Amino acid sequence: MHTNAANMAKIVYRELSYRITGVCFRVHRELGRFARERQYADRMEALFRESCICYEREYELHRLDPSAPLGNRVDFLIDRCIVVECKTKPFITKEDYVQVQRYLHASQCRLGLLVNFRHVYLKPKRVLNSTMVIA
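Please read these numbers as outputs of a predicted model, since none were measured by experiment.

The rules behind each value
The residue count restarts for each chain, going from 1 along the sequence in the order it is written. Note on the predicted model: pLDDT of at least 70 is required for a residue's local features to be given, and 80 or more for side-chain atom pairs to be given and counted; whole-chain, interface and lining totals, by contrast, use all residues. With hydrogens and water stripped out, all remaining heavy atoms of the structure feed into the side-chain values. Only the stretch in contact is used when fitting a helix axis, every axis being a line fitted to C-alpha atoms; angles between N-to-C directions are given from 0 to 180 degrees. By the criteria applied, helices consist of DSSP H or I runs no shorter than four residues and strands consist of E runs no shorter than two, each listed in order from the N terminus. Working definition: roughly parallel below 35 degrees, roughly antiparallel above 145 degrees, roughly perpendicular at 65 to 115 degrees, and oblique for all remaining angles. The hand of a helix crossing depends on one turn: near helix anticlockwise from the far one by less than a right angle means left-handed, and clockwise means right-handed. By the convention used here, residues are in contact when the closest approach between their heavy atoms is within 4.5 Å. Under the convention adopted here, Pro, Cys and the residues Ala, Val, Leu, Ile, Met, Phe, Trp and Tyr are nonpolar, Asp, Glu, Lys and Arg are charged, and Gly plus all remaining residues are polar. Nine residue types can take part in a nonpolar core, namely buried Ala, Val, Leu, Ile, Met, Phe, Trp, Tyr and Cys, and a core is a set of them joined through side-chain atoms within 4.5 Å. Any residue under 20% of the maximum accessible area for its type is buried, any over 50% is exposed, and the rest in between are partly exposed; the area is computed with a 1.4 Å probe on protein chains only. Cysteine sulfur atoms are paired as a disulfide whenever they fall within 2.5 Å.

Visitor: So what's going on with the packing of helix α2 (residues 14-31) against helix α3 (residues 37-50)? Residues and values would help.
Guide: Packing of α2 against α3 brings their axes to within 10 Å, and their N-to-C directions diverge by 130°. Considering the angle they form, α2 stands oblique to α3. Considering the relative orientation of α2 and α3, their crossing is right-handed. Across the interface between the two elements, Ile-20, Val-23, Cys-24, Arg-26, Val-27, Glu-30 and Leu-31 from α2 touch Gln-39, Tyr-40, Arg-43, Met-44, Leu-47, Phe-48 and Glu-50 from α3. Of the residues belonging to the contact of α2 with α3, the class tally is nine nonpolar, one polar and four charged.

Visitor: Provide a residue-level description of the nonpolar core, including the pertinent values.
Guide: Counting residues in hydrophobic clusters, the biggest one holds 25 residues, and the most contacted among them are Met-44 and Ile-78. Going through the elements one at a time, α2, α3, β2 (73-78), β3 (82-87) and β4 (111-116) are the ones with two or more residues in this core. Look past the residues within four positions of Ile-78 in its chain and what remains in contact with it is Leu-16, Ile-20, Phe-48, Ile-53, Cys-54, Tyr-55 and Val-84. Leu-77, Val-100, Tyr-103 and Leu-114 belong to the second-largest nonpolar core, a separate cluster that totals 14 residues.

Visitor: Lay out the state of the cysteines with the relevant residues and their values.
Guide: Disulfides are covalent bonds that connect the sulfur atoms of two cysteines. Under the counting rule described, the total for this entry stands at zero disulfides. Cys-86 supplies the cysteine sulfur nearest to Cys-24, a cysteine that is in no disulfide, at a spacing of 6.3 Å. Taking relative accessible area as the criterion, Cys-24 reaches 1% and is therefore assigned buried.

Visitor: An account of the environment of Pro-90 is requested, with residue identities and associated values reported.
Guide: Assignment of secondary structure puts Pro-90 in the loop between β3 and α4 (94-107). Exposure remark for Pro-90: the relative accessible area of 66% places this residue in the exposed category. For the pair formed by Pro-90 and Arg-36, sequence separation is 54 residues and the distance between their alpha carbons is 13 Å. The residues touching Pro-90, leaving out its near neighbours within four places in the chain, are Asn-116, Arg-118 and His-119.

In structure tokens:
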């Protein structure tokens, strides 16, 4: 039991990430799996507002890191610490993970959530920034 409690304490941004995934599950339940990415993002934005979750939509990473290529935008930057990337694809690829890693490096965020709404059962993926020192 002690190791389980210790592991729970190590989850990066546990409470905030649980709130975000709750929003994702609600959006998936409401819209199903065949809506467009923009429809999911619009509904997520409304629920973030309702839930008082601090977010920025389609955030330009060049604003945080001038060396980041222009045009790189995260779907949502939550509370300046979590990147959320929405997808509507048959399956998530290695390139999708690499994209989230690039976004994490440019934003200096520790956690990214990769959410593919096309799946029958929603499974948000937690992606950690491998270059950040975790205390």
